[in-house]
Structures are given as C-alpha cells and as structure tokens.
Amino acid sequence: MSTLTPVITPEALDTTDVGTGDDLEARVIVFNCECHTYQQVITLFCKYIPGMNSSRAFELAWRIDHEGQATVYSGARKLAEDIGAKLAAGGLRVGVQ
C-alpha cells in the first residue's frame, strides 16, 4: 500500500532583505491574485512605475496572469520599496527583493 503525501508550496506574500541601508539594487515582483482586471493592473503600473506605458504594462499583466508573477521594476531599493508599497495599497500582491 502506498500513501501519497500532498506537497504544499507556500506562497510568498512579501520578502524583505536586512541589507546595509544603502540604496542598493532591488526588484518589485507582482504575483497573480485573480482579483483584478487587466485594466486595473495596467492603470496601477502606469500610475506608479516610472517610464511605464500601457503596452509594456499589458505585457507584464499578461505574464503575471499566465506565469504567476513578473518583475515589474528593477532599480534603487528606496524607489522599489515605494513602488511596491503603492502597488500593494492598490490591492496587488507584491514582493520587494
């Protein structure tokens, strides 16, 4: 008799680095949540991510929907944390690494 143990993969809701306090490189990752329309996600990206346009925002929203996550910003940690906080306040599942 064989019993299978289910594998449960934990969901990362937020990640935090201790860091040195310097403005090091960081990235903002948005995870799929099935609770927003593409238009809502595109609007948030265009509003809060510097240099974002609607075409690139759509590509990222599609990747999040189909692959489960996407890096939407890479750059200075302080700005990444600010962007992450604003996207999270808009209801998105966000991690900053």
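Preceding this paragraph is the structure being described.
This write-up is about the structure you can find in this document. (Residues numbered from 1 in each chain as written. Predicted model: local features only at pLDDT ≥ 70, side-chain atom pairs only at ≥ 80, totals over all residues. Heavy atoms only, no water.)

## Notes on the packing of helix H1 (residues 38-48) against helix H2 (residues 54-67)
Packed helices, taken two at a time, are described by the angle between their axes plus the distance between the axes. Packing of H1 against H2 brings their axes to within 9 Å, and their N-to-C directions diverge by 125°. When the axis of H1 is compared with that of H2, the two are oblique. Every pair of crossing elements has a handedness; the one defined by H1 and H2 is right-handed. Within the contact between the two elements, H1 uses Tyr38, Val41, Ile42, Phe45 and Cys46 and H2 uses Ser54, Ala57, Phe58, Leu60, Ala61, Trp62, Ile64, Asp65 and His66. For the contact of H1 with H2, the residue count by class is eleven nonpolar, two polar and one charged. (Axes fitted to C-alpha atoms, helices over the stretch in contact; angles between N-to-C directions. Helix = DSSP H or I, 4+ residues; strand = E, 2+ residues; numbered from the N terminus. Parallel < 35°, antiparallel > 145°, perpendicular 65-115°, else oblique. Left-handed = near helix turned anticlockwise from the far one by under 90°. Contact = heavy atoms within 4.5 Å. Nonpolar A, V, L, I, M, F, W, Y, C, P; charged D, E, K, R; others polar.)

## As for the pattern of salt bridges
Close approach of charged atoms allows side chains with opposite charge to pair. Within this structure, the stated rule accounts for four salt bridges. Taking the shortest distance from any N to any O, the salt bridge between Glu67 and Arg63 comes out at 3.9 Å. You can see Glu67 and its partner Arg63 sitting in helix H2, four residues apart, about one turn around the helix. We note a salt bridge from Glu81 to Arg77, for which the minimum N-O separation is 3.7 Å. Taken as a pair, Glu81 and Arg77 lie in helix H3 (residues 77-89) at a separation of four residues, close to a single helical turn. Classification of Glu81 by relative accessible area gives partly exposed; the value is 42%. Note on Arg77: relative accessible area 14%, which makes it buried. (Salt bridge = Lys/Arg side-chain N within 4 Å of Asp/Glu carboxyl O. Buried < 20%, exposed > 50% of the residue type's maximum accessible area, 1.4 Å probe, protein only.)

## Re the pairing of strand E1 (residues 25-31)
Extensive coverage of E1 is indicated by the burial of five of its seven residues. Here E1 runs beside strand E2 (residues 69-76); their pairing, made up of seven bridges, is antiparallel. Pairing of Val28 across the sheet is with Tyr73, part of E2. Relative to strand E3 (residues 93-96), E1 is paired through four bridges, and the arrangement is antiparallel. When the bridges of E3 are listed, Phe31 appears paired with Arg93. (Pairing = 2+ DSSP bridges.)

## As for the environment of Arg56
Positionally, Arg56 belongs in helix H2. Note: C-alpha distance between Arg56 and Cys46 (ten residues apart in sequence) is 9.1 Å.

In short, geometric facts, not functional conclusions.
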